[in-house]
Amino acid sequence: MAYQTWAILVAIGLGLGLGGLGRLLLRNRIRLSWSDAVVAGLLGAACGSVVGGIGRSAGRQLPVVAGAVAVAVTVAALLGMDRWQSRRRLPRGTVPELVAGGESHHVEFKSSARYNRHSRQRDERVEQVIAKSLAGFLNAEGGILLIGVADDGAITGIEDDYPLIKGPTRDHFELWLRDMLVACIGAPACATVQVSFTAVDGHDVCVVTAPPAAHPVFLRAGKSQPVALYVRVGNSTRELALDDALSYCVDRWGRQALRGRPG
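All residue numbers refer to position in the chain's written sequence, counted from 1. Two thresholds apply to this predicted model, a pLDDT of at least 70 for residue-level local features and 80 or more for giving and counting side-chain atom pairs, whereas whole-chain, interface and lining totals are computed over all residues. Hydrogens and waters are ignored; side-chain quantities use all the structure's heavy atoms.

### Concerning the side chain of Arg-232
At step 1: In this text, helices come from DSSP runs of H or I with a minimum length of four residues, and strands from runs of E with a minimum of two, each type numbered from the N-terminal end. Checked against the element boundaries, Arg-232 lands in strand 8 (residues 227-233).
At step 2: Categorising residues by exposure relies on relative accessible area from a 1.4 Å probe, with only protein chains included: less than 20% of the type maximum marks a residue as buried, more than 50% marks it as exposed, and the intermediate range marks it as partly exposed. Judged by its relative accessible area of 2%, Arg-232 falls in the buried class.
At step 3: Here the side chain of Arg-232 touches Glu-108 through a polar contact of 2.5 Å, side chain to side chain.
At step 4: When residues no more than four places from it in sequence are discounted, the contact partners of Arg-232 are Ser-104, His-105, Val-107, Glu-108, Gly-136, Phe-137, Ala-140 and Thr-237. In the analysis that follows, any N or O atom pair within 3.5 Å is treated as a polar contact, provided that within protein one partner can donate a hydrogen and the other can accept it, and provided that, for residues neighboring in sequence, both atoms belong to side chains. In this analysis, two residues are considered to be in contact whenever any of their non-hydrogen atoms come within 4.5 Å of each other.

This is how it looks when you write it as structure tokens:
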């Protein structure tokens with residue numbers, strides 16, 4: 001009984017130590033409690049023990065390798081848990097329920113994606129607003145963009161956008177949307193974005209869900225335009241000045257976020 005008690009205490013101690021080390025290495029990149037960190041540390045310790053046991057059975061001592069595996073698994077577990085919890089933090093519900101809740105830090109409405117309802121024609125500025133909104137969500141805590149919903153919550157649908165793409169279907173709309181996002185924010189960031197559609201009051205509404213990004217997402221409005229960093233602040237999306245963008249990236253993702261920063 002005493003042996004089992006000591007074994008449990010040692011395991012918790014290892015989990016706490018590895019979890020604390022993982023939190024230190026990742027700093028502001030994760031938003032997890034200490035209990036979550038201990039669970040990740042226990043998983044890392046278990047994997048390290050397995051590697052160490054395999055080495056001993058082969059007649060070799062692998063403490064350094066086992067330790068490295070324990071730390072690596074802990075860090076990977078922390079990142080995975082944080083990403084999973086970040087998705088859970090996003091609001092849930094049907095489109096009418098999201099609309100009823102209004103725009104917020106995690107929800108934004110756009111009446112169209114290409115069609116300017118004032119000039120009644122295609123407007124690239126409307127497209128850029130869509131890309132900026134999603135980049136802002138990706139660089140913050142994630143969010144849901146409802147295309148086909150006016151600022152006041154009225155359902156406008158995306159039917160006016162259909163004539164401005166290659167085909168008047170949901171599939172063609174998603175293809176165009178993803179191509180536009182790849183050009184503006186890059187394929188890696190676009191790959192994490194989920195696109196779905198739902199019918200509300202006889203109109204098609206596009207639901208775009210963006211999780212928190214693992215790295216800074218810079219937006220380029222055009223080939224000749226400089227890149228910019230947009231962040232969701234409250235219920236609006238803001239472009240950060242260069243000094244603020246650098247500080248935000250370091251605070252949000254650590255100094256490694258600046259490596260290979262676009263020029």
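### A closer look at the sheet that holds strand 1 (residues 107-110)
At step 1: DSSP bridges decide pairing: two strands pair if at least two such bridges lie between them. As summarised here, the arrangement of the four strands in space is 1-4-6-5, forming an open sheet in which the pairing is mixed. The open sheet has two edge strands, strand 1 and strand 5 (194-200), and neither has a second partner. Looking at each pair of strands side by side, their axes are set apart by 20° on average, direction ignored.
At step 2: Pairing analysis gives four bridges linking strand 1 to strand 4 (residues 143-147), with the strands arranged parallel. Following the sheet pairing, Phe-109 is matched in strand 4 by Leu-146.
At step 3: Here an axis means a line fitted to C-alpha atoms, over the contact stretch when the element is a helix, while the angle between two N-to-C directions is reported on a 0 to 180 degree scale. Each of strand 1, strand 4 and strand 6 (203-210) touches helix 5 (residues 124-139); the most contacted strand, strand 4, lies at about 165° to it.
At step 4: Helix-sheet contacts for helix 6 (residues 170-185) involve strand 4, strand 5 and strand 6, and the interaxial angle to strand 5 is about 145°.

### Focus on the pattern of salt bridges
At step 1: In the sections that follow, a salt bridge refers to a side-chain nitrogen of Lys or Arg positioned within 4 Å of a carboxyl oxygen of Asp or Glu. Throughout the structure, instances matching the rule amount to nine salt bridges.
At step 2: The partner of Glu-127 in a salt bridge is Arg-114, with the nearest N and O atoms 2.8 Å apart. Of this pair, Glu-127 sits in helix 5 while Arg-114 sits in the loop between strand 1 and strand 2 (115-116), and the two are 13 residues apart along the sequence.
At step 3: Overall, Glu-127 belongs to the buried group, its relative accessible area being 6%.
At step 4: A network of salt bridges, in which partner residues are shared, links Arg-114, Arg-122, Glu-124 and Glu-127.

### Side note on the packing of helix 5 against helix 6
At step 1: At a minimum axis separation of 10 Å, helix 5 and helix 6 run at an interaxial angle of 70°. Considered as vectors, helix 5 and helix 6 are oriented roughly perpendicular to each other. Seen from above, helix 5 lies across helix 6 with right-handed handedness. Counting all contacts with helix 5, which are made through Glu-127, Gln-128, Ile-130, Ala-131, Leu-134, Ala-135 and Leu-138, the residues of helix 6 involved are Trp-176, Leu-177, Met-180, Leu-181, Cys-184 and Ile-185.
At step 2: Looking at the contact of helix 5 with helix 6 residue by residue, the classes come out as 11 nonpolar, one polar and one charged. When describing relative orientation, an angle under 35 degrees is termed roughly parallel and one over 145 degrees roughly antiparallel, while 65 to 115 degrees is termed roughly perpendicular and anything else oblique. Crossing handedness is read from the near helix: turned anticlockwise from the far helix by less than a right angle, it gives a left-handed crossing, and turned clockwise, a right-handed one. Gly falls in the polar group here, along with every residue not listed as nonpolar (Ala, Val, Leu, Ile, Met, Phe, Trp, Tyr, Cys, Pro) or charged (Asp, Glu, Lys, Arg).

### With respect to the environment of Ala-37
At step 1: Looking at the secondary structure, you find Ala-37 in helix 2 (residues 34-57).
At step 2: For the pair Ala-37 and Ala-77, spaced 40 residues apart in the sequence, the C-alpha separation amounts to 8.8 Å.

### Re the environment of Ile-185
At step 1: Looking at the element boundaries, Ile-185 is found in helix 6.
At step 2: With residues near it in sequence (within four places) discarded, Ile-185 still touches Ala-131, Ala-135, Leu-138, Cys-190, Val-217, Phe-218 and Leu-219.

### Focus: the packing of aromatic side chains
At step 1: Each pair of aromatic rings taken from Phe, Tyr and Trp, with Trp reduced to its six-membered ring, is defined by centres within 6.5 Å and is described as stacked if the planes are under 30 degrees apart, edge-to-face if over 60, and tilted in the remaining cases. Tallying each qualifying case throughout the model produces four aromatic pairs.
At step 2: A ring pair is formed by Phe-173 and Phe-197, whose centres lie 6.0 Å apart and whose planes are at 80°; its orientation type is edge-to-face. Placement of Phe-173 in helix 6 and of Phe-197 in strand 5 is noted, with a sequence separation of 24 residues between them.
At step 3: Overall, the relative accessible area of 0% leaves Phe-173 in the buried class.
At step 4: A centroid spacing of 5.9 Å and a plane angle of 75° characterise the contact between Tyr-248 and Trp-253, whose relative ring orientation is edge-to-face.

### Focus on unusual backbone geometry
At step 1: One non-glycine residue, Arg-120, lies in positive phi territory at about 60°.
At step 2: Relative to the helices and strands, Arg-120 is located in the loop between strand 2 and strand 3 (121-122).
At step 3: Residue Arg-120 is classed as exposed on the basis of its relative accessible area, which comes to 66%.
At step 4: Although it is not a glycine, Asp-201 adopts a positive phi angle of roughly 55°.
At step 5: Tracing the sequence through the fold places Asp-201 in the loop between strand 5 and strand 6.

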